[in-house]
Amino acid sequence: MKIEEAWKNMEAPAKDFQEKELKMSMNHQPNDLMKKLNKQLGWKVFFIVFFMPLYTVGLKYFDELLIKALNGLILLVHILGLWFFVKRWKESKSVRLDVENSKETLLHYVQRVEGALRMEERVGLFLYPFAAAAGFFIGIVMNEPLEDTLQDQGIWIALTIAIVIITPSGWWAAKKMNNYSFGRYIQQLKDRLADWEEEG
C-alpha cells in the first residue's frame, strides 16, 4: 500500500504539469492571433494620423466659414478617434493569456476589439455626411464663390443626393474593410473560445 500511495503522490504533480503544458500550448495560437489583431489596430492609428493633416490644411487654406466649420468638426472627430484607438491599441497589446484565466481574458479581449470596430463604424455614419459636404463645397469654391452658389436650390439637391449615396456606401466599405482586416482572426479566436467551452 505504501508503494501505491507513493506512486500516486508522484503521479499527481506530473499530471498537473502535463495539464499546464497542454493549456500553455493551446494558448500559443490565440496569442499569435492577438498579435495580428494588435498589428491591425496599429494600422488604424497610422491611417488616422495620416489623414489628419489634410483637414488641418482645409482649416488654414480656405477662408469660407462653412468649410472651416466642416473641416474643424472632422478634425475634432479624428483627434478623438486617435485618442480612442491609441488607448485601445495599448490596452490590447498589454493582454497576455496565462494558464489560469485564459478563457475569460480572451473573451474580454475579443469583445474589446469588436467594440472598437463597431464604435468606428457608428462614428463613420455620423461623420460621412459632413465629410461629403466638405468635399462638395471645396469643389465648388475651386470654381466660383461659395456665397453665390448657396442661393442655387439645385446645389442643395445635388448635395443631398451625394450625402445619401456616400453615407451608406462609406459605412458599407468600412464594415467590409474591418471584416477583411479583422474578421478571420476574430472568428478563429471565437472558435478557440468555443473549443474551450466544450472542453469545460
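Cut-offs and rules
Residues numbered from 1 in each chain as written. Predicted model: local features only at pLDDT ≥ 70, side-chain atom pairs only at ≥ 80, totals over all residues. Heavy atoms only, no water. Core = buried A, V, L, I, M, F, W, Y, C linked by side-chain atoms within 4.5 Å. Buried < 20%, exposed > 50% of the residue type's maximum accessible area, 1.4 Å probe, protein only. Helix = DSSP H or I, 4+ residues; strand = E, 2+ residues; numbered from the N terminus. Contact = heavy atoms within 4.5 Å. 1 Å grid on protein atoms, 1.4 Å probe; cavity = no way out; pocket = protein on both sides within 12 Å on 5 of 7 lines; lining within 4 Å. Points joined across faces, edges and corners; volume = space filled by probe spheres on them. Nonpolar A, V, L, I, M, F, W, Y, C, P; charged D, E, K, R; others polar. Salt bridge = Lys/Arg side-chain N within 4 Å of Asp/Glu carboxyl O.

Engineer: Teacher, can you tell me more about the nonpolar core here?
Structural biologist: For soluble globular proteins, the rule of thumb is that nonpolar side chains tend to be buried together. The biggest cluster of nonpolar side chains holds 41 residues, and the ones touching the most others in it are Leu-106, Tyr-109, Phe-137 and Leu-189. Put simply, the parts of the chain that give this core at least two residues each are α1 (2–61), α2 (65–93), α3 (102–141) and α5 (153–199). By residue number, the principal contributor to this core is α3, which donates 13 residues. Non-local contacts of Tyr-109, meaning those with residues more than four positions away in its chain, are made with Met-34, Leu-37, Asn-38, Ser-92, Val-95 and Leu-189.

Engineer: Got a minute to help me understand the side chain of Asn-38 in this structure?
Structural biologist: Mapping Asn-38 onto the fold places it in helix α1. You can call Asn-38 buried: its relative accessible area is 9%. Excluding its chain neighbours within four sequence positions, the residues that come into contact with Asn-38 are Trp-89, Ser-92, Lys-93 and Tyr-109.

Engineer: I tried to follow the layout of surface pockets on my own but got confused; where do I start?
Structural biologist: Using a probe with the size of a water molecule, rolled over the atoms, empty space left in the structure can be pinpointed. Here the largest pocket is characterised by a volume of approximately 1000 Å³. Taken together, 30 residues make up the lining of the largest pocket; nearest its centre are Lys-44, Ile-48, His-78, Glu-120 and Tyr-128. When contributions to the lining of the largest pocket are tallied by element, the ones reaching two or more residues are α1, α2, α3 and α5. Classifying every residue of the lining of the largest pocket by side-chain character gives 21 nonpolar, 7 polar and 2 charged.

Engineer: I would appreciate a short explanation of the pattern of salt bridges in the present structure.
Structural biologist: When charged atoms on two side chains of opposite charge get close, those side chains can pair. Following the criterion strictly, the structure yields 7 salt bridges and no others. In this structure, Lys-44 engages Glu-120 in a salt bridge whose closest nitrogen and oxygen atoms are separated by 2.7 Å. Note that Lys-44 is positioned in helix α1 and Glu-120 in helix α3, a separation of 76 residues in sequence. Among the residues examined, Glu-120 registers a relative accessible area of 25% and is labelled partly exposed. A salt bridge links Lys-175 to Glu-121, with the shortest nitrogen-to-oxygen separation between them at 3.5 Å. Of this pair, Lys-175 sits in helix α5 while Glu-121 is found in helix α3, placing the two residues 54 residues apart along the sequence. Shared partners join several salt bridges into a network, and the residues in it are Lys-87, Arg-88, Glu-91 and Arg-112.

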